[in-house]
Amino acid sequence: MTKRKAPVITIDGASGTGKGTITHCIAKKLGWNFLDSGVLYRVLAFAAEKHGILLEDEAALTTLAEQLDILFSSEAILFEGQEITDLIRTEKIGNSASKASVFPGVRTALLSRQRAFQKMPGLVADGRDMGTVVFPDAEVKIFLTASPEERARRRYNQLNMKGIHVNLAALTEELRERDRRDQERAVAPLKPALDAVLINTDPLTIEEVVERVMRALEKAKKQ
Ligand code: DC
């Protein structure tokens, strides 16, 4: 007898589109597992810095990704036994993660770790290539968009709340650069899956976005 696979909702989009918040809300509402795939790339960037590996060195980054010693303990993230939950949330690590993520070897090395999150009763996964590459058979695929200004503003507020103070103009520029890199890379670029539901979050509240995702799930169940 073949085992039934847990259902998956993928939530892709650029940084600051609200992916993380929406993913948490949906996972909580449904009582499902969640995957913040960006964390894996952020831990890799942290590990590269710690071990003196250059972000241009594909071979060394790939080996590092294959052997990455990560532990997820409820909301905490541990690398080589050290808690790094907040340390990986900086813009510097985000940019380094984006640079390391362009390499095919790195992406392949992280694939099985991401797929291991697909467990009953279901998974809500957020990232850049969840619907296109990691979970192409997902029941529901969402692609969130928002204007660069709104995204920079959200990110700015998010960082401020964590006590990380940044310059809004510099942040906007960094976001643009990161988007360009994530969209233009040859493997698994940031783009909506052909069967994704596109949601522009600019005029919507978090609750309204959640509502739309839930509607997409209801629709998928009926098909
Ligand atoms: O979502 P985030 O800001 O934590 O992601 C950091 C970087 O990691 C992002 O700029 C590109 C990379 N990333 C990726 O290539 N694929 C994913 N599924 C998630 C993140």
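Here is a short report on the structure shown in this document. Model, not experiment: these values are computed from the prediction.

Analysis parameters
Residues numbered from 1 in each chain as written. Predicted model: local features only at pLDDT ≥ 70, side-chain atom pairs only at ≥ 80, totals over all residues. Heavy atoms only, no water. Helix = DSSP H or I, 4+ residues; strand = E, 2+ residues; numbered from the N terminus. Rg over C-alpha atoms; globule rule 2.2 N^0.38 Å. Buried < 20%, exposed > 50% of the residue type's maximum accessible area, 1.4 Å probe, protein only. Contact = heavy atoms within 4.5 Å. Areas by Shrake-Rupley, 256 points an atom, 1.4 Å probe, with all protein chains shown as cover. Lys, Arg positive; Asp, Glu negative; His and termini not counted. Charge placed at Lys NZ, Arg CZ, Asp CG, Glu CD. Core = buried A, V, L, I, M, F, W, Y, C linked by side-chain atoms within 4.5 Å. Near = heavy atom within 4 Å. Polar contact = N/O pair within 3.5 Å; in protein donor to acceptor, adjacent residues only side chain to side chain. Expected span 1.5 Å × (residues − 1).

Here the focus is the overall build of the protein. When its secondary structure is counted, the protein shows 9 helices and 8 strands. Compactness check: the protein gives a C-alpha radius of gyration of 17 Å against a globular reference of 17 Å for 223 residues, within 12% of the reference. Counting only C-alpha atoms, the protein reaches 50 × 50 × 35 Å along its principal axes. Out of the 223 residues in the protein, the part that is buried amounts to 48%. Put simply, 77% of the contacts in the protein that link residues at least 6 apart link residues at least 24 apart. Entry remark: accessible area of the protein is about 11,600 Å², with carbon and sulfur atoms responsible for 54%. One finds the centroid of the 33 positive side-chain charges in the protein at a distance of 5 Å from the centroid of its 31 negative side-chain charges.

Another point: the side chain of Gln 114. Inspection of the secondary structure assignment puts Gln 114 in helix α5 (residues 104-115). Sequence-distant contacts of Gln 114, defined by excluding residues within four places in its chain, comprise Leu 35, Ser 37, Leu 40, Tyr 41, Met 130, Val 134 and Phe 135.

A word on the nonpolar core. In terms of nonpolar packing, the biggest core is built from 26 residues, with Val 43, Leu 68 and Ile 88 touching the most fellow members. Only α2 (38-50), α3 (58-67), β4 (76-79), α4 (91-100) and α5 provide two or more residues apiece to this core. The leading source of residues in this core is α2, at 9 residues. Sequence-distant contacts of Val 43, that is, excluding residues within four places in its chain, are made with Leu 68, Ile 70, Ile 77, Phe 79, Ile 84 and Ile 88.

Taken together, the neighbourhood of the ligand is formed by 16 residues, with Arg 42, Arg 107, Arg 178, Asp 182 and Arg 185 sitting nearest. Measuring from a nitrogen atom of the ligand, one finds a side-chain N or O atom of Asp 129 at 2.9 Å. In this structure, Arg 185 approaches the ligand through a side-chain N or O atom, which is 2.8 Å from an oxygen atom. Coverage of the ligand by the protein chains reaches 97% of its 450 Å² of free accessible surface. When residues of the shell around the ligand are traced back to their parent elements, those giving at least two are α2, α4 and α8 (168-184). Examining the composition of the shell around the ligand, we find that 3 residues originate from one element, α2, more than from any other.

On to α2, then. For an α-helix, the turn length of 3.6 residues means that residues three or four places apart are oriented alike. Under the 1.5 Å per step criterion, the end-to-end length of α2 is 18 Å for 13 residues, consistent within 8% with the ideal 18 Å. Within α2, 10 of the 13 residues are buried, leaving the element largely enclosed by the surrounding structure. Taken from the residues just after α2, Gly 52 is the one with a positive phi, measuring 65°.

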